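In case you want the letters, here they are:
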Amino acid sequence: MAASMARSCRFVSRNHSSFLPRRESFPESAAQDQLPSLLQSGAQTVYCGFDPTADSLHVGNLLAIIGLLHFRKAGHHVLAVLGGATAQIGDPSGKTSERERLSADVVEANTRSIRDSVQRIFTNHELYFHDSSRKLGTVTVLNNLSWYKDRNAVGFLSEVGRYFRMGTMLSRHSVQSRLRSADGMSLTEFTYQVFQAYDFYHLNQTYGCKIQLGGTDQLGNLMSGHEFIHKVSGEEVFGLTVPLVTSSVGDKLGKTAGNAMWLNRDRTSPFDLYQFFLRQPDASVEGRFLDFFMYNSVFPTAGAACAEEACCK
Ligand SMILES: N[C@@H](Cc1ccc(O)cc1)C(=O)O
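Looking at an unreviewed UniProt entry, the protein chain carries the name Tyrosine--tRNA ligase, with the source organism given as Mola mola. Quoted verbatim from the Catalytic activity (unreviewed entry) heading of the UniProt record, the comment on the protein chain is "tRNA(Tyr) + L-tyrosine + ATP = L-tyrosyl-tRNA(Tyr) + AMP + diphosphate + H(+)". On record in UniProt, under Sequence similarities (unreviewed entry), the comment for the protein chain is "Belongs to the class-I aminoacyl-tRNA synthetase family."

Here's what the structure looks like:
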């Protein structure tokens, strides 16, 4: 992982017993030591999930994608999980109110569109890796609906639900902040962390995945997976968070925030996306954006490279 990304990332590991109780903060040193040695010990499988709540990814998803590209470039296996199931539940993390229910049809159409984008991003970047001896395949895109669609609620709650403690679930920041709001939170959203935790477990069992990447707002969900896997199999896994890309006044950028810069050109034109970055104040560019997006970037560094057919399609 490039140094600039690593400087901006945070690590989660079971040895941080201090994150188990109430607060979602943790000392980082033990995992910071263990994760680099795991990554140097051989190709690892890393995953990041994206809920298809719209038909395009947005700038807020970009750092996680870049993180996956860094892992890929370093020779690791990368899984992008599209939340065909979890988008129907609705992640309360970072949201101030309950999202409207999305129908299965809309989620399915969104999933198709995001699958295409993710595959296109990874395929195009493969062209810049310049090392044809490393044939790992590009990205494996999965839909978590595939492992929930044949499960029944009674079986899932009796097998999986019993590993989750109410106290820990209630202590998550995503839950606490909503319980304090006037509308509170539905049971559906409250259970979201169980699904994301189970996804991590499923990928750990099926693909040997030991690392999950997500934005800082995903910390509680990463911890749920980490704790669940440890309880069920005793295995040590890692969560890695990348910073949220915020506007110059510190607002989260994304669909819910209503100021999304989309990555699909039919939603936000390349010109508007370029203008978005150009308009950023110097302080955010120097303090954050250059660090996030450019230094040690996985993107082609010269404009000349971008002129190549495959890059900016
Ligand atoms: N909860 C994540 C998406 C996600 C979905 C399923 C997962 O297994 C992991 C992550 C988000 O909202 O950004």
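A. Highlighting the overall build of the protein chain. Across its full length, the protein chain carries 15 helices and six strands. By the burial criterion, 49% of the 313 residues in the protein chain qualify as buried. Entry remark: accessible area of the protein chain is about 15,100 Å², with carbon and sulfur atoms responsible for 53%.

B. Representation of the nonpolar core in the model. Phe-50, Leu-68, Val-118, Phe-122 and Phe-293 are the most contacted members of the largest nonpolar core, which has 36 residues in total. Core analysis: the next-biggest nonpolar cluster, separate from the first, contains 27 residues, Leu-79, Phe-190, Cys-209 and Val-237 among them.

C. A look at the environment of Asp-183. Of note, Asp-183 is situated in the loop between α9 (173-179) and α10 (187-190). Overall, Asp-183 belongs to the exposed group, its relative accessible area being 70%.

D. View of the environment of Phe-200. Summarising the element assignment, Phe-200 is placed in helix α11 (residues 192-207). Note on Phe-200: relative accessible area 0%, which makes it buried. Along the chain, Phe-200 and Ile-211 lie 11 residues apart, while their C-alpha atoms are 8.6 Å from each other. Residue contacts for Phe-200: discarding those within four places in its chain leaves Tyr-47, Cys-209, Lys-210, Ile-211, Gln-212, Gly-225, His-226, Ile-229, Val-237 and Phe-238.

E. Structural context of the packing of aromatic side chains. Enumeration according to the criterion identifies 18 aromatic pairs in this entry. Arranged with centres 6.2 Å apart and planes meeting at 80 degrees, the rings of Phe-292 and Phe-293 form a pair that is edge-to-face. Among the residues examined, Phe-292 registers a relative accessible area of 6% and is labelled buried. We classify Phe-293 as buried; its relative accessible area is 8%. Members of the aromatic cluster, connected to one another through ring pairs, are Trp-147, Tyr-148, Phe-156, Tyr-163, Phe-164, Phe-195, Tyr-198, Tyr-201 and Phe-228. For Arg-267, the ring lying beneath its charged end belongs to Trp-262, and the centroid distance is 4.2 Å.

F. Just the pattern of salt bridges, in detail. All told, the structure shown has eight salt bridges when counted by the stated rule. Of the charged contacts in the structure, one is a salt bridge between Arg-178 and Glu-98, with a shortest N-O distance of 3.8 Å. Here Arg-178, found in helix α9, pairs with Glu-98, found in the loop between α4 (86-89) and α5 (104-126); they are 80 residues apart in sequence, far enough to count as distant. Residue Glu-98 is classed as partly exposed on the basis of its relative accessible area of 38%. Across the pair Arg-178 and Glu-189 runs a salt bridge whose closest N-O atoms are separated by 2.6 Å. One end of the pair, Arg-178, is in helix α9; the other, Glu-189, is in helix α10, and 11 residues separate them in sequence.

G. Here's a closer look at the confidence of the model for the protein chain. On average, residues of the protein chain carry a pLDDT of 83, and 77% of them reach 70 or more. For residues 14-23, every residue scores under 50 in pLDDT, and the model assigns this stretch 28 contacts once sequence neighbours within four places are set aside. Long-range and interchain partners of residues 301-313, a stretch whose pLDDT sits below 50, account for 14 contacts in this model, where long-range means more than four residues apart. With pTM at 0.85, the complex prediction returns an ipTM value of 0.99.

H. Local environment of the site of the ligand. The immediate surroundings of the ligand are formed by Tyr-47, Gly-49, Phe-50, Asp-51, Thr-86, Asp-91, Asn-144, Tyr-192, Gln-196, Asp-199, Gln-212 and Gln-218. The side chain of Gln-196 places a nitrogen or oxygen atom 2.8 Å from a nitrogen atom of the ligand. Between Asp-199 and the ligand, the recorded distance is 2.6 Å, taken from a side-chain N or O atom to an oxygen atom. Counting only elements with at least two residues in the shell around the ligand, the list comes to β2 (45-50) and α11.

Each value, and the rule that gives it
- Residues numbered from 1 in each chain as written.
- Predicted model: local features only at pLDDT ≥ 70, side-chain atom pairs only at ≥ 80, totals over all residues.
- Heavy atoms only, no water.
- UniProt positions renumbered as here; feature names shortened; annotations may be inferred.
- Helix = DSSP H or I, 4+ residues; strand = E, 2+ residues; numbered from the N terminus.
- Buried < 20%, exposed > 50% of the residue type's maximum accessible area, 1.4 Å probe, protein only.
- Areas by Shrake-Rupley, 256 points an atom, 1.4 Å probe, with all protein chains shown as cover.
- Core = buried A, V, L, I, M, F, W, Y, C linked by side-chain atoms within 4.5 Å.
- Contact = heavy atoms within 4.5 Å.
- Phe/Tyr/Trp six-rings, centres within 6.5 Å; stacked < 30°, edge-to-face > 60°.
- Lys NZ or Arg CZ within 6 Å of the ring centre and 35° of its normal.
- Salt bridge = Lys/Arg side-chain N within 4 Å of Asp/Glu carboxyl O.
- pLDDT = per-residue confidence, 0-100.
- Near = heavy atom within 4 Å.
- Polar contact = N/O pair within 3.5 Å; in protein donor to acceptor, adjacent residues only side chain to side chain.

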